[in-house]
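Examining the three-dimensional arrangement
For reference, the chains in residue letters:
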Amino acid sequence: MTTTPNDPAAALPGRPPVVDMAAWQAARDELLVREKAHTREGDAIAAARRRLPMVELDGTVEVVGPDGPVPFLELFQGRDELVVYQHMWYDGAPHQGQCEGCTTTVWHMKDAVYLNARGVSFAVLTTGRWDEVASYIEFMGYTQPWYSVRDVAEPVGGEMGYIACFLRDGDRVFLTYSTTARGNEPVNGSLGLLDMTPYGRREAWEDNPEGWPEAPQAGSPVGGHGSPICWYWRSDADGVATWGPTSRPVPQWTRPGATPVQTLGRQGHRH
């Protein structure tokens, strides 16, 4: 039987309706109006963000890095602006037991070459003891500068899970902006791309059409349909999502020396 795009028989359960190109373009153009309004509102919010007041802090406060204690001012690397990601930390936890959300976020910030080109430095701060932090950095293969801010007062230390922006004027340092929770999402480009896909992030809070696939559960295979939600990509060497003692953040399996994970098939089976 031959079907046409507008034929109800062409409908696929749990998938967008099938239409011809003209109908698709009309729907796309209608959504584009909303997208452009969203973009302009984002521009207006960014403009307001640039007009926020700022708070001066002690730039000589010491943080601990690979070369020992250094003043916070040194993290600017001679530039005028600094963005930091404040990574949550669980003392004494194995590497695979560190914060899955922070792991996912920081993984997306491989280096800051484009920020540096705009006069902005980048660093990761965390409250862990430096010996534990250094071991974790090596395990994950991170190349960004990390520092321990244990026992350092806010806004350099304190609660983690934030993005914070700082401005330098000579030897004076100022906090200009801070955000947390979903405010951290701009660092994680994968989330924006997932939002463009028909199934989105596959998280339970999303507003999805009737009949859409349910959010996956822990224990589902990593990769393809049924993969765990994007904030919880942690698996064993076989690519099975798990919280067990042999699990690691999924990106870590790509690091040198890690047990390789073979390509997963469409149904999550190994090839």
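Higher on the page you've got the structure.
I will try to describe carefully the structure that is included in this document. Since this is a predicted model, take the numbers as computed values, not measurements. (Residues numbered from 1 in each chain as written. Predicted model: local features only at pLDDT ≥ 70, side-chain atom pairs only at ≥ 80, totals over all residues. Heavy atoms only, no water.)

1. Brief notes about the environment of Ala134
Position of Ala134 among the secondary structure elements: in helix H4 (residues 130-140). Remark: the alpha-carbon pair of Ala134 and Ser148, spanning 14 residues in sequence, is separated by 9.3 Å. (Helix = DSSP H or I, 4+ residues; strand = E, 2+ residues; numbered from the N terminus.)

2. Describing the environment of Pro13
Here Pro13 shows up in the segment before helix H1 (21-49). C-alpha of Pro13 to C-alpha of Glu210: the two residues are 197 residues apart in sequence and 9.7 Å apart in space.

3. So, unusual backbone geometry
Cis geometry is found at the peptide bond from Glu154 to Pro155, where omega equals 5°. Checked against the element boundaries, Pro155 lands in the loop between strand S6 (146-148) and strand S7 (162-169). Of note, Gln77 is a non-glycine position whose phi angle comes to about 55°, a positive value. Tracing the chain through its elements places Gln77 in the loop between strand S3 (68-71) and strand S4 (81-87). In this structure Gln77 comes out as partly exposed when scored by relative accessible area, which is 49%. The phi angle at Ala181 is positive, at roughly 55°, despite the residue not being glycine. We classify Ala181 as exposed; its relative accessible area is 56%. (Buried < 20%, exposed > 50% of the residue type's maximum accessible area, 1.4 Å probe, protein only.)

4. Re the pairing of S7
With six bridges connecting them, S4 and S7 associate as antiparallel partners. What sits directly across from Glu81, in S7, is Leu167. Bridge analysis of S7 against strand S8 (residues 172-180) gives eight bridges, and the strand direction is antiparallel. Paired with Leu167 across the strands is Phe174, a residue of S8. Here S7 folds back onto S8 in antiparallel fashion, the turn holding two residues, of which Gly170 has a positive phi close to 65°. (Pairing = 2+ DSSP bridges.)

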